[in-house]
Amino acid sequence: MSSERSFLVDPDVGRDGLLVAASQGKAVPQPVPANETETALGELARMGRPASPVILPVLDLAACFSILAFATASLDTASLQGRWALFGLAMNQMALLALFLANGLYDRRILRSAGRIFRATALPAAFVVLASLAMGQLASGASVVTGMPAVSGAVAGHAAASWAALVLVRLGWLAYMRAAARPMDDPLVLVGRAEDVREFLDETRIAFSRDPDRLRQVVGYIATEGSGPVLPDLPRLGRIDTVPGNRSLLASLPPTTQIVVVVRDAQDPAVQPLLHQLYETCFAVRMAVLPALRLRRGALSVALGADSSFLLQPPSLSPAQWVAKRTLDLSIASVGLLLIGPLLAMIALAIKLDSPGPVFFRQARHGMNNRPFSILKFRTMQHRPNAAFEQARRNDPRVTRVGAFLRKTSLDELPQLFNVIGGSMSLVGPRPHPLELNERYEPMVERLFARHRLPPGLTGLAQINHNRGETATVDVMQDRVDYDLRYVREYSVLNDVKIILLTFVMIWRNKDVY
């Protein structure tokens, strides 16, 4: 197979990855039940978020400190031997935690079963215990501290207790996740012709016959053709529509979904519109080309990872980055609402006294993965519930007296803190546009919808670079989209904090908001 390939690759990501394939197989076309799509999508939406081991470091530190406190109480810390024992125990606990990290014991792929946990922890346990005993023997031979073998025995005992505590933490976490029916993997959805998906599944089951839990990662498939065979053991989630503007099916999938596009010809022109849509989502996107390679055991762990498949697009953020971003959002938004509660009440009263109509303004806008949501703002214009969409402009006669002040100071955006707490928005991200505005500019602005790979934000990189307010021309909109795509590519918590701080400066300096 040639190493030069012309199929579309996300320009923000580059070229990397793995090619997975399967064996031959055909199926007889059958009608698809009318309610199958709704049922399958409903079950997928009800799936809990994949099990997250982010709590394990906290539990590990708590367990180690508890054992260290017990050792402090049980040992004679006034003696040199006791102090050596505590020092040795602390060092062993640090080594134990480092070995747990190196052996993948904070990775849910290792934590999926008790057997895997015990196998992964056996080497760290043996190393720590043997290191404790060796430390005692060497120190005793060098006459560093009298009674050192006994001290090393105590250290080894407490180190073994630490190992047992860390293992119990993982077994308890695993039991809780199973009781809560939390899946151990991100859901994986196949996209392609039903016959190709069938072939891919057949080979996958052969490769992973000894590891059935891995097969549960595949939760359904999306057809690229209107008719085809029914796969009785894999729900059909629907048919993807590559017509511009129709993104409802992909928007309905959970944000942790992984996509594998199953094709027979990576250079097929019909594949490119599909990939264009997938590059507008936060999903990890991979391609399996049939029948280039036989799928072998171990491949499912990466795409389903061997040494050669194509990773077309990684997920927009890693699990750790999602946790960090959500933690920042919740902490600042919660504290902010508590601090500005009286201000919100005064603004609401001023709006009611200034003009008739509701205090809040709600509007449908595109969120992450192009999923529409209802944004919440203070009303700044005259109340016209049935008016057609019209973007605000300078000296807009619809803006009220109070509204003009709110828009100038961006105080009308404060209710979006409730959107942030609810999860439909983030503190920092691409500003969400009205649906009509996106539809108007989609044919003219390159990669407009790719900015939705992250949650929309109260502020963003474009806003602190003087691109706020009306987008009256294509050039202005393209400039904003370029800033948003740069933010998606270069995301970090530090960048979010920097943008938040610079936003307060820009609010008072920017004259383009009206």
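Residues numbered from 1 in each chain as written. Predicted model: local features only at pLDDT ≥ 70, side-chain atom pairs only at ≥ 80, totals over all residues. Heavy atoms only, no water.

Some details on a negative patch on the surface
- On the surface, Glu446, Asp475, Asp479 and Asp482 cluster together into a negatively charged patch.
- Secondary-structure assignment places Asp475 in helix α15 (residues 474-489).
- Note on Asp475: relative accessible area 65%, which makes it exposed. (Patch = residues over 30% accessible without salt bridge, like charges linked within 9 Å, V, L, I, M, F, W, Y side chains within 5 Å. Areas by Shrake-Rupley, 256 points an atom, 1.4 Å probe, with all protein chains shown as cover. Salt bridge = Lys/Arg side-chain N within 4 Å of Asp/Glu carboxyl O. Lys, Arg positive; Asp, Glu negative; His and termini not counted. Charge placed at Lys NZ, Arg CZ, Asp CG, Glu CD. Helix = DSSP H or I, 4+ residues; strand = E, 2+ residues; numbered from the N terminus. Buried < 20%, exposed > 50% of the residue type's maximum accessible area, 1.4 Å probe, protein only.)

Comments concerning the pattern of salt bridges
- According to the stated counting rule, one finds twelve salt bridges in the structure shown.
- Across the salt bridge formed by Arg193 and Glu195, the nearest N and O atoms sit 3.6 Å from each other.
- The salt bridge involving Asp412 is made with Lys377; its shortest N-O contact spans 3.7 Å. Taken together, the residues span a long stretch of sequence, with Asp412 in the loop between α11 (401-409) and α12 (416-422) and Lys377 in strand β8 (residues 372-378) at a distance of 35 residues.

Remarks on the sheet that holds strand β4 (residues 258-263)
- The strand order β3-β2-β1-β4-β5-β6 describes an open sheet built from six strands, whose pairing is mixed. Here the strands that pair on one side only, and so sit at the sheet edges, are β3 (236-239) and β6 (310-313). Across this sheet, the average inter-strand angle for adjacent strands is 25°, counted without regard to direction.
- Of the strand pairs in this sheet, strand β1 (residues 188-192) and strand β2 (residues 218-223) are connected by five bridges, and their pairing is parallel. By the bridge assignment for β2, Gly192 is matched with Ala223.
- Relative to the sheet, helix α9 (residues 271-278) contacts β1, β4, β5 (284-289) and β6, its axis offset from that of β4 by approximately 175°. (Pairing = 2+ DSSP bridges. Axes fitted to C-alpha atoms, helices over the stretch in contact; angles between N-to-C directions. Contact = heavy atoms within 4.5 Å.)

What about the nonpolar core?
- Ranked by internal contacts, the top residues of the largest apolar core, which has 33 residues, are Ile351, Phe378, Leu406 and Tyr487.
- Top element by residues in this core is helix α10 (residues 319-354). It accounts for eight residues.
- Once you skip the residues sitting within four places of it in the chain, Ile351 turns out to touch Pro358, Val359, Phe378, Arg379, Val402 and Leu406. (Core = buried A, V, L, I, M, F, W, Y, C linked by side-chain atoms within 4.5 Å.)

Points about α9
- All buried positions along α9 are accounted for by Val271, Leu274, Leu275, Gln277 and Leu278. Buried residues in α9, looked at end-on, bunch into an arc of 155°, giving them a common side.
- Looking at the buried residues of α9, the elements they touch are β1, α8 (248-251), β4, β5 and β6. (Arc of directions from axis to C-beta.)

Side note on the environment of Ile347
- Along the chain, Ile347 turns up in helix α10.
- Distance in space between the C-alpha atoms of Ile347 and Phe378 is 8.3 Å, their sequence separation being 31 residues.
- Look past the residues within four positions of Ile347 in its chain and what remains in contact with it is Phe378, Leu406 and Leu411.

Details of the packing of aromatic side chains
- Under the counting rule described, the total for this entry stands at two aromatic pairs.
- Ring centres 5.4 Å apart and planes at 15° place the aromatic pair Phe360 and Phe378 in the stacked group. Here Phe360 is found in strand β7 (residues 360-366), whereas its partner Phe378 is found in strand β8, with 18 residues between them in sequence.
- Judged by centre distance (6.2 Å) and plane angle (85°), the ring pair of Tyr487 and Tyr491 falls under edge-to-face. Considered together, Tyr487 and Tyr491 belong to a single accessibility category, that of buried residues.
- Across the ring face of Tyr106, the terminal group of Arg170 is positioned such that the distance to the ring centre comes to 4.9 Å. (Phe/Tyr/Trp six-rings, centres within 6.5 Å; stacked < 30°, edge-to-face > 60°. Lys NZ or Arg CZ within 6 Å of the ring centre and 35° of its normal.)

Description of α10
- With 36 residues, α10 extends only 46 Å from end C-alpha to end C-alpha; this falls clearly short of the ideal 52 Å at 1.5 Å per step.
- Ile340 marks where α10 bends most, by close to 60°; the proline Pro342 follows one to four residues later. (Expected span 1.5 Å × (residues − 1). Bend = angle between axes of the 7 residues up to and from the residue.)

Description of the confidence of the model for the protein chain
- In this model, the protein chain carries an average pLDDT of 77, and 75% of its residues clear a pLDDT of 70 or more.
- In the model of the protein chain, helix α1 (residues 36-46) stands out as the element of lowest mean pLDDT, 58, in contrast to strand β9 (residues 426-428), which has the highest, 95.
- Here residues 1-34 scores under 50 on pLDDT; set against residues more than four positions off or in separate chains, the count is 101 contacts.
- Counting interchain partners and residues more than four positions distant, the pLDDT-below-50 stretch residues 142-147 has seven contacts. (pLDDT = per-residue confidence, 0-100.)

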